[in-house]
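Tertiary structure, described
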Amino acid sequence: MKAVILVGGKGTRLRPLTCKTPKAAIPILNRPALEHMLRYLEGHGIHDVILATGHLADSIDGILKSIQIDIRTLPVLETMPLGTAGAVKNASRYLDDAFVVLNGDIVTGIDLSEMARLHRQVRPRVTMALTPVDNPTMYGVVETTDCGLVKKFVEKPGWDRVTTNLINAGIYIIEPAVLDYVAESTMVMFEDYVFPRLLEQGEPVLAYPSDAYWIDVGTPEKYLKVNQDLLGQTQTGAVVQGEAVIDPGARLEGPVLIGPECVIAAGAHIRGPSVIGPQCRIAAGAAIEASVLWDNVTIGERSKVKTSIIASNCRVEEDCYLEQCVLGRGVTIGRGNSLDWGARIWPDSLVGCAPPASSH
Ligand code: GDD
Ligand code: MG
(Lines give C-alpha, C1' and ligand atoms only; values in the text may rest on other atoms or scores of the structure.)
(Ligands and ions follow the chains in the order given, each with its own letter.)
Protein backbone atom coordinates (compact mmCIF):
# COMPACT_ATOMS: atom_id res chain seq x y z
CA MET A 1 0.00 0.00 0.00
CA LYS A 2 1.25 3.50 -0.80
CA ALA A 3 1.01 6.41 1.64
CA VAL A 4 0.47 10.13 1.12
CA ILE A 5 1.74 12.36 3.92
CA LEU A 6 0.25 15.85 4.05
CA VAL A 7 3.15 18.18 4.78
CA GLY A 8 2.03 21.34 3.03
CA GLY A 9 0.31 23.21 5.89
CA LYS A 10 1.62 26.52 7.20
CA GLY A 11 1.87 25.40 10.84
CA THR A 12 0.39 28.72 11.95
CA ARG A 13 -0.17 27.69 15.57
CA LEU A 14 3.47 26.65 15.88
CA ARG A 15 4.85 30.04 14.90
CA PRO A 16 7.55 31.29 15.32
CA LEU A 17 9.00 27.76 15.07
CA THR A 18 7.42 27.28 11.64
CA CYS A 19 8.22 30.70 10.16
CA LYS A 20 11.33 29.30 8.48
CA THR A 21 11.00 25.58 9.18
CA PRO A 22 8.20 23.37 7.85
CA LYS A 23 6.41 21.32 10.50
CA ALA A 24 7.89 18.17 8.93
CA ALA A 25 11.39 19.42 9.79
CA ILE A 26 10.94 20.41 13.39
CA PRO A 27 13.05 18.12 15.52
CA ILE A 28 11.49 15.60 17.88
CA LEU A 29 14.18 13.96 20.04
CA ASN A 30 16.75 15.59 17.74
CA ARG A 31 15.40 14.02 14.53
CA PRO A 32 13.03 15.66 12.02
CA ALA A 33 9.34 14.99 12.69
CA LEU A 34 9.10 13.48 9.20
CA GLU A 35 11.65 10.82 10.12
CA HIS A 36 9.42 9.61 12.98
CA MET A 37 6.50 9.37 10.55
CA LEU A 38 8.56 7.50 7.93
CA ARG A 39 9.81 5.02 10.55
CA TYR A 40 6.23 4.45 11.69
CA LEU A 41 5.21 3.68 8.09
CA GLU A 42 8.24 1.44 7.54
CA GLY A 43 7.24 -0.45 10.70
CA HIS A 44 3.92 -1.19 9.01
CA GLY A 45 5.49 -2.43 5.78
CA ILE A 46 4.97 0.75 3.73
CA HIS A 47 7.86 1.54 1.40
CA ASP A 48 6.31 3.99 -1.09
CA VAL A 49 5.50 7.44 0.22
CA ILE A 50 4.25 10.55 -1.54
CA LEU A 51 4.87 13.81 0.26
CA ALA A 52 2.23 16.42 -0.55
CA THR A 53 4.32 19.55 -0.08
CA GLY A 54 3.57 23.27 -0.24
CA HIS A 55 4.71 25.77 2.42
CA LEU A 56 8.57 25.80 2.58
CA ALA A 57 8.69 22.78 0.26
CA ASP A 58 12.34 23.41 -0.65
CA SER A 59 13.58 22.37 2.76
CA ILE A 60 11.86 18.97 2.50
CA ASP A 61 14.55 17.70 0.06
CA GLY A 62 17.30 18.53 2.55
CA ILE A 63 15.48 16.68 5.33
CA LEU A 64 14.97 13.63 3.15
CA LYS A 65 18.70 13.50 2.41
CA SER A 66 19.43 13.43 6.15
CA ILE A 67 17.16 10.44 6.80
CA GLN A 68 18.60 6.98 6.24
CA ILE A 69 15.62 4.76 5.61
CA ASP A 70 14.53 2.09 3.15
CA ILE A 71 11.53 3.98 1.78
CA ARG A 72 10.98 5.52 -1.65
CA THR A 73 9.79 9.10 -1.22
CA LEU A 74 8.30 11.27 -3.91
CA PRO A 75 7.64 14.93 -3.12
CA VAL A 76 4.66 16.35 -5.07
CA LEU A 77 4.49 20.13 -4.92
CA GLU A 78 1.43 22.36 -4.89
CA THR A 79 1.94 25.78 -6.36
CA MET A 80 -0.96 27.05 -4.26
CA PRO A 81 -2.45 25.46 -1.11
CA LEU A 82 -5.00 22.88 -2.27
CA GLY A 83 -6.26 21.75 1.12
CA THR A 84 -6.01 18.22 2.49
CA ALA A 85 -8.11 16.56 -0.25
CA GLY A 86 -6.90 18.81 -3.08
CA ALA A 87 -3.31 17.89 -2.15
CA VAL A 88 -4.07 14.19 -2.53
CA LYS A 89 -5.92 14.77 -5.81
CA ASN A 90 -2.81 16.62 -7.01
CA ALA A 91 -0.86 13.35 -6.50
CA SER A 92 -3.59 11.04 -7.86
CA ARG A 93 -1.60 10.08 -10.96
CA TYR A 94 0.65 8.05 -8.63
CA LEU A 95 -2.24 6.29 -6.86
CA ASP A 96 -4.08 3.30 -8.32
CA ASP A 97 -5.14 1.00 -5.45
CA ALA A 98 -6.39 1.81 -1.90
CA PHE A 99 -3.85 4.10 -0.20
CA VAL A 100 -3.27 5.63 3.22
CA VAL A 101 -3.33 9.38 3.88
CA LEU A 102 -1.74 10.80 7.02
CA ASN A 103 -1.67 14.26 8.51
CA GLY A 104 2.04 14.99 8.71
CA ASP A 105 1.93 16.42 12.23
CA ILE A 106 0.85 13.41 14.22
CA VAL A 107 2.91 10.99 16.28
CA THR A 108 1.13 7.76 17.05
CA GLY A 109 1.28 4.07 17.76
CA ILE A 110 -2.05 3.32 16.03
CA ASP A 111 -1.85 -0.15 14.46
CA LEU A 112 -1.89 0.73 10.78
CA SER A 113 -1.36 -2.91 9.70
CA GLU A 114 -4.50 -3.99 11.53
CA MET A 115 -6.40 -1.01 10.15
CA ALA A 116 -5.34 -1.96 6.59
CA ARG A 117 -6.33 -5.59 7.19
CA LEU A 118 -9.80 -4.46 8.29
CA HIS A 119 -10.11 -2.16 5.29
CA ARG A 120 -9.30 -5.02 2.89
CA GLN A 121 -11.79 -7.28 4.62
CA VAL A 122 -14.72 -4.80 4.64
CA ARG A 123 -13.81 -2.68 1.57
CA PRO A 124 -15.58 0.55 2.58
CA ARG A 125 -14.86 3.78 0.68
CA VAL A 126 -12.76 5.07 3.58
CA THR A 127 -11.48 3.64 6.85
CA MET A 128 -10.78 6.40 9.36
CA ALA A 129 -8.69 6.06 12.53
CA LEU A 130 -10.28 7.61 15.62
CA THR A 131 -8.74 8.50 18.94
CA PRO A 132 -10.24 9.77 22.23
CA VAL A 133 -9.22 13.28 23.43
CA ASP A 134 -10.14 15.59 26.32
CA ASN A 135 -10.96 18.61 24.16
CA PRO A 136 -12.64 17.50 20.91
CA THR A 137 -13.40 21.10 19.82
CA MET A 138 -9.89 21.41 18.33
CA TYR A 139 -10.41 18.41 16.01
CA GLY A 140 -12.86 16.63 13.69
CA VAL A 141 -15.49 15.03 15.90
CA VAL A 142 -16.74 11.67 14.64
CA GLU A 143 -19.96 9.92 15.63
CA THR A 144 -20.23 6.21 14.86
CA THR A 145 -23.03 3.65 14.57
CA ASP A 146 -23.30 0.46 16.65
CA CYS A 147 -21.85 -1.53 13.77
CA GLY A 148 -18.74 0.65 13.55
CA LEU A 149 -19.53 2.93 10.63
CA VAL A 150 -19.03 6.69 10.72
CA LYS A 151 -22.41 8.41 11.08
CA LYS A 152 -21.42 12.07 11.35
CA PHE A 153 -18.26 14.17 10.93
CA VAL A 154 -18.07 17.72 12.27
CA GLU A 155 -14.82 19.67 11.98
CA LYS A 156 -13.90 21.78 15.04
CA PRO A 157 -17.38 22.10 16.55
CA GLY A 158 -18.27 24.32 19.50
CA TRP A 159 -18.80 22.50 22.81
CA ASP A 160 -22.56 22.59 22.23
CA ARG A 161 -22.12 20.25 19.24
CA VAL A 162 -19.70 17.82 20.87
CA THR A 163 -21.42 14.47 21.29
CA THR A 164 -18.42 12.15 21.77
CA ASN A 165 -14.75 12.33 22.73
CA LEU A 166 -13.74 10.35 19.62
CA ILE A 167 -12.04 12.45 16.98
CA ASN A 168 -10.46 12.02 13.56
CA ALA A 169 -6.87 10.91 14.21
CA GLY A 170 -5.73 12.11 10.77
CA ILE A 171 -5.10 8.65 9.25
CA TYR A 172 -7.37 7.37 6.49
CA ILE A 173 -7.30 4.44 4.10
CA ILE A 174 -9.02 5.60 0.94
CA GLU A 175 -10.32 3.91 -2.20
CA PRO A 176 -9.27 5.84 -5.35
CA ALA A 177 -12.96 6.41 -6.34
CA VAL A 178 -13.24 8.87 -3.43
CA LEU A 179 -11.07 11.29 -5.39
CA ASP A 180 -13.94 11.67 -7.87
CA TYR A 181 -15.46 13.95 -5.23
CA VAL A 182 -12.47 16.29 -5.50
CA ALA A 183 -12.17 18.81 -8.35
CA GLU A 184 -8.73 19.27 -9.97
CA SER A 185 -6.55 22.23 -8.91
CA THR A 186 -9.11 23.48 -6.39
CA MET A 187 -8.83 24.01 -2.65
CA VAL A 188 -10.78 21.09 -1.14
CA MET A 189 -10.65 19.74 2.42
CA PHE A 190 -11.51 16.15 3.38
CA GLU A 191 -12.80 17.44 6.68
CA ASP A 192 -15.21 20.18 5.58
CA TYR A 193 -16.26 18.78 2.24
CA VAL A 194 -15.36 15.22 1.21
CA PHE A 195 -16.27 13.34 4.41
CA PRO A 196 -19.64 15.08 4.93
CA ARG A 197 -20.47 14.51 1.22
CA LEU A 198 -19.60 10.80 1.39
CA LEU A 199 -21.85 10.40 4.43
CA GLU A 200 -24.69 12.30 2.75
CA GLN A 201 -24.44 9.96 -0.23
CA GLY A 202 -24.61 6.93 2.08
CA GLU A 203 -21.10 5.79 1.12
CA PRO A 204 -19.63 3.43 3.75
CA VAL A 205 -16.96 5.03 5.95
CA LEU A 206 -15.57 2.60 8.50
CA ALA A 207 -14.32 3.74 11.90
CA TYR A 208 -11.13 2.35 13.40
CA PRO A 209 -11.08 3.56 17.01
CA SER A 210 -7.83 3.07 18.89
CA ASP A 211 -6.50 3.75 22.39
CA ALA A 212 -2.87 3.72 21.20
CA TYR A 213 -0.62 6.75 21.87
CA TRP A 214 -1.64 9.68 19.66
CA ILE A 215 -0.77 13.36 19.57
CA ASP A 216 -1.15 16.20 17.06
CA VAL A 217 2.01 18.27 17.27
CA GLY A 218 0.16 21.45 16.34
CA THR A 219 0.99 23.87 19.18
CA PRO A 220 4.09 24.68 21.26
CA GLU A 221 2.50 22.94 24.28
CA LYS A 222 1.92 19.75 22.26
CA TYR A 223 5.40 20.01 20.78
CA LEU A 224 6.96 20.04 24.24
CA LYS A 225 4.66 17.23 25.30
CA VAL A 226 5.57 14.90 22.44
CA ASN A 227 9.29 15.33 23.15
CA GLN A 228 8.72 14.69 26.84
CA ASP A 229 6.40 11.70 26.26
CA LEU A 230 8.84 10.02 23.88
CA LEU A 231 11.78 10.74 26.17
CA GLY A 232 9.89 9.21 29.09
CA GLN A 233 9.13 6.12 26.99
CA THR A 234 12.73 5.52 26.00
CA GLN A 235 14.97 6.52 28.90
CA THR A 236 15.14 7.50 32.56
CA GLY A 237 18.58 9.14 32.83
CA ALA A 238 20.81 11.18 30.53
CA VAL A 239 21.70 9.96 27.05
CA VAL A 240 24.50 11.66 25.16
CA GLN A 241 24.58 11.28 21.37
CA GLY A 242 28.03 11.21 19.73
CA GLU A 243 30.89 13.35 20.99
CA ALA A 244 29.92 15.95 23.58
CA VAL A 245 32.01 17.68 26.22
CA ILE A 246 30.20 17.46 29.53
CA ASP A 247 32.10 18.78 32.54
CA PRO A 248 32.00 16.37 35.50
CA GLY A 249 30.71 19.33 37.54
CA ALA A 250 27.55 19.62 35.38
CA ARG A 251 24.36 18.07 36.72
CA LEU A 252 22.05 16.11 34.41
CA GLU A 253 18.86 14.99 36.09
CA GLY A 254 15.98 12.84 34.81
CA PRO A 255 15.40 11.99 31.16
CA VAL A 256 17.74 14.28 29.25
CA LEU A 257 18.90 13.86 25.65
CA ILE A 258 22.09 15.69 24.68
CA GLY A 259 22.93 15.99 20.99
CA PRO A 260 26.41 15.53 19.47
CA GLU A 261 29.15 18.15 19.95
CA CYS A 262 27.44 19.92 22.86
CA VAL A 263 29.58 21.64 25.47
CA ILE A 264 28.13 21.70 28.99
CA ALA A 265 30.09 23.62 31.61
CA ALA A 266 30.70 22.93 35.29
CA GLY A 267 27.80 24.00 37.48
CA ALA A 268 25.25 23.85 34.63
CA HIS A 269 22.09 22.02 35.61
CA ILE A 270 19.86 20.28 33.04
CA ARG A 271 16.70 18.88 34.43
CA GLY A 272 14.48 16.53 32.42
CA PRO A 273 12.49 15.93 30.57
CA SER A 274 14.65 18.07 28.28
CA VAL A 275 16.22 17.74 24.85
CA ILE A 276 19.39 19.63 23.94
CA GLY A 277 20.11 19.70 20.20
CA PRO A 278 23.52 19.22 18.53
CA GLN A 279 26.29 21.81 19.07
CA CYS A 280 24.65 23.64 21.97
CA ARG A 281 26.73 25.41 24.59
CA ILE A 282 25.41 25.64 28.14
CA ALA A 283 27.53 27.91 30.34
CA ALA A 284 28.45 27.66 34.02
CA GLY A 285 25.55 28.09 36.41
CA ALA A 286 22.92 27.96 33.67
CA ALA A 287 19.80 25.89 34.35
CA ILE A 288 17.49 24.25 31.83
CA GLU A 289 14.30 22.52 32.85
CA ALA A 290 11.53 20.74 30.90
CA SER A 291 12.63 22.45 27.67
CA VAL A 292 13.64 21.66 24.11
CA LEU A 293 16.63 23.36 22.47
CA TRP A 294 17.33 22.87 18.77
CA ASP A 295 20.89 22.93 17.38
CA ASN A 296 23.60 25.54 17.93
CA VAL A 297 21.95 27.30 20.88
CA THR A 298 24.05 29.14 23.47
CA ILE A 299 22.80 29.67 27.01
CA GLY A 300 24.89 32.15 28.97
CA GLU A 301 26.14 32.01 32.55
CA ARG A 302 23.47 31.85 35.26
CA SER A 303 20.58 32.01 32.78
CA LYS A 304 17.51 29.90 33.49
CA VAL A 305 15.27 28.35 30.83
CA LYS A 306 12.11 26.61 31.93
CA THR A 307 9.30 24.96 29.90
CA SER A 308 10.51 26.71 26.75
CA ILE A 309 11.40 25.93 23.15
CA ILE A 310 14.47 27.54 21.60
CA ALA A 311 15.00 27.09 17.86
CA SER A 312 18.36 26.83 16.04
CA ASN A 313 21.16 29.42 16.31
CA CYS A 314 19.69 31.34 19.26
CA ARG A 315 21.82 33.03 21.90
CA VAL A 316 20.58 33.74 25.41
CA GLU A 317 23.15 35.89 27.18
CA GLU A 318 24.00 35.87 30.90
CA ASP A 319 21.52 36.26 33.78
CA CYS A 320 18.31 35.82 31.76
CA TYR A 321 15.14 34.12 32.89
CA LEU A 322 12.88 32.46 30.29
CA GLU A 323 9.72 30.61 31.23
CA GLN A 324 7.09 29.31 28.76
CA CYS A 325 8.83 31.07 25.89
CA VAL A 326 9.18 30.12 22.25
CA LEU A 327 12.15 31.60 20.38
CA GLY A 328 12.28 31.36 16.57
CA ARG A 329 15.56 30.72 14.77
CA GLY A 330 18.47 33.09 15.24
CA VAL A 331 17.10 35.11 18.16
CA THR A 332 19.44 36.87 20.59
CA ILE A 333 18.25 37.68 24.09
CA GLY A 334 20.54 40.26 25.67
CA ARG A 335 21.92 40.00 29.18
CA GLY A 336 19.58 40.26 32.17
CA ASN A 337 16.20 39.89 30.40
CA SER A 338 13.26 38.19 31.97
CA LEU A 339 10.61 36.77 29.60
CA ASP A 340 7.75 34.58 30.57
CA TRP A 341 4.16 33.42 30.13
CA GLY A 342 3.93 32.69 26.49
CA ALA A 343 6.41 35.16 24.99
CA ARG A 344 7.01 34.27 21.34
CA ILE A 345 9.99 35.91 19.71
CA TRP A 346 10.13 36.09 15.92
CA PRO A 347 13.19 34.71 14.02
CA ASP A 348 16.37 36.84 13.91
CA SER A 349 15.07 39.31 16.54
CA LEU A 350 17.35 40.95 19.02
CA VAL A 351 16.05 41.67 22.50
CA GLY A 352 18.58 44.17 23.85
CA CYS A 353 20.30 43.94 27.23
CA ALA A 354 18.07 44.80 30.16
CA PRO A 355 19.20 48.01 31.95
CA PRO A 356 20.93 47.39 35.27
CA ALA A 357 18.56 47.55 38.28
CA SER A 358 18.27 51.15 39.49
CA SER A 359 20.16 51.97 42.70
CA HIS A 360 17.50 54.29 44.17
N1 GDD B 1 -0.19 19.58 1.07
C2 GDD B 1 -1.01 20.24 1.89
N3 GDD B 1 -1.75 21.28 1.39
N4 GDD B 1 -1.05 19.89 3.19
C5 GDD B 1 -1.89 20.59 3.98
C6 GDD B 1 -2.68 21.66 3.54
C7 GDD B 1 -2.61 22.01 2.14
O8 GDD B 1 -3.26 22.94 1.65
N9 GDD B 1 -3.39 22.14 4.59
C10 GDD B 1 -3.05 21.38 5.66
N11 GDD B 1 -2.13 20.45 5.30
C12 GDD B 1 -1.53 19.42 6.15
C13 GDD B 1 -0.82 19.99 7.36
O14 GDD B 1 0.56 20.20 7.08
C15 GDD B 1 -1.02 18.88 8.39
O16 GDD B 1 -0.02 17.88 8.30
C17 GDD B 1 -2.34 18.24 7.99
O18 GDD B 1 -2.58 18.64 6.63
C19 GDD B 1 -3.51 18.66 8.87
O20 GDD B 1 -3.56 20.08 8.95
P21 GDD B 1 -3.62 20.84 10.34
O22 GDD B 1 -3.60 22.30 10.04
O23 GDD B 1 -2.61 20.30 11.28
O24 GDD B 1 -5.10 20.46 10.81
P25 GDD B 1 -5.66 20.36 12.27
O26 GDD B 1 -4.69 19.73 13.19
O27 GDD B 1 -6.23 21.67 12.66
O28 GDD B 1 -6.91 19.34 12.05
C29 GDD B 1 -6.73 18.14 11.32
O30 GDD B 1 -6.08 17.16 12.12
C31 GDD B 1 -6.82 16.70 13.27
C32 GDD B 1 -6.03 15.60 13.92
O33 GDD B 1 -4.76 16.03 14.20
C34 GDD B 1 -8.11 17.63 10.87
O35 GDD B 1 -7.89 16.56 10.01
C36 GDD B 1 -8.96 17.20 12.07
O37 GDD B 1 -10.17 16.64 11.61
C38 GDD B 1 -8.20 16.17 12.88
O39 GDD B 1 -8.96 15.79 14.03
MG1 MG C 1 -2.70 19.29 13.11
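Residues numbered from 1 in each chain as written. Chains lettered and ligands numbered in written order. Predicted model: local features only at pLDDT ≥ 70, side-chain atom pairs only at ≥ 80, totals over all residues. Heavy atoms only, no water.

**Digging into the coordination of the magnesium ion (ligand 2)**
Cut-off, in case you're wondering: For Na, K and Ca the donor cutoff is 3.2 Å, while for all other metals N, O and S atoms count as donors only within 2.8 Å; water does not appear among the atoms, so some sites may look incomplete. A run of H or I in DSSP counts as a helix once it spans at least four residues, and a run of E counts as a strand once it spans at least two, with each numbered from the N terminus. Burial here depends on accessible area, computed with a 1.4 Å probe over protein chains only, as a share of the maximum for the residue type. Under 20% is buried, over 50% is exposed, and the range in between is partly exposed.
Listed as protein donors to the magnesium ion (ligand 2) are Asp105 (OD) and Asp216 (OD); their distances from the metal cover 2.1 to 2.4 Å. Here Asp105 is found in the loop between strand 6 (99-103) and strand 7 (106-108), whereas its partner Asp216 is found in strand 13 (residues 214-216), with 111 residues between them in sequence. Judged on exposure class, the residue Asp105 and its partner Asp216 are both buried.

**Section: unusual backbone geometry**
Geometrically, the link from Arg15 to Pro16 is a cis peptide bond, its omega value of 10° lying close to zero. That bond from Gly272 to Pro273 is cis: its omega, -5°, falls within 30 degrees of zero. By secondary structure assignment, the location of Pro273 is in the loop between strand 19 (269-271) and strand 20 (274-276). In this structure, Arg302 takes a positive phi of about 65° despite not being glycine.

**Observations concerning the packing of aromatic side chains**
To be explicit about the condition: Between 30 and 60 degrees the pair is tilted, below 30 it is stacked and above 60 it is edge-to-face, where a pair is any two Phe, Tyr or Trp rings, Trp via its six-membered ring, whose centres lie within 6.5 Å.
Inspection of the entire model under this criterion finds six aromatic pairs. With a centroid separation of 5.6 Å and an interplanar angle of 55°, the aromatic rings of Tyr172 and Phe190 are classed as tilted. Taken together, the positions of Tyr172 in strand 11 (residues 166-174) and Phe190 in helix 5 (residues 190-200) put the pair 18 residues apart, joining distant regions of the chain. Given a relative accessible area of 0%, Tyr172 falls into the buried group. Given the relative accessible area of 0%, Phe190 is considered buried. Aromatic pair Tyr223 and Trp294: ring centres 6.5 Å apart, planes at 75°, arrangement edge-to-face. Residue Tyr223 is located in helix 6 (residues 220-234), and its partner Trp294 is located in the loop between strand 23 (292-293) and strand 24 (298-299); the two are separated by 71 residues in the primary sequence. Taken as a pair, Tyr223 and Trp294 share a single burial class, namely buried. Taken together, the ring pairs in this structure connect Phe153, Tyr172, Phe190 and Phe195 into an aromatic cluster.

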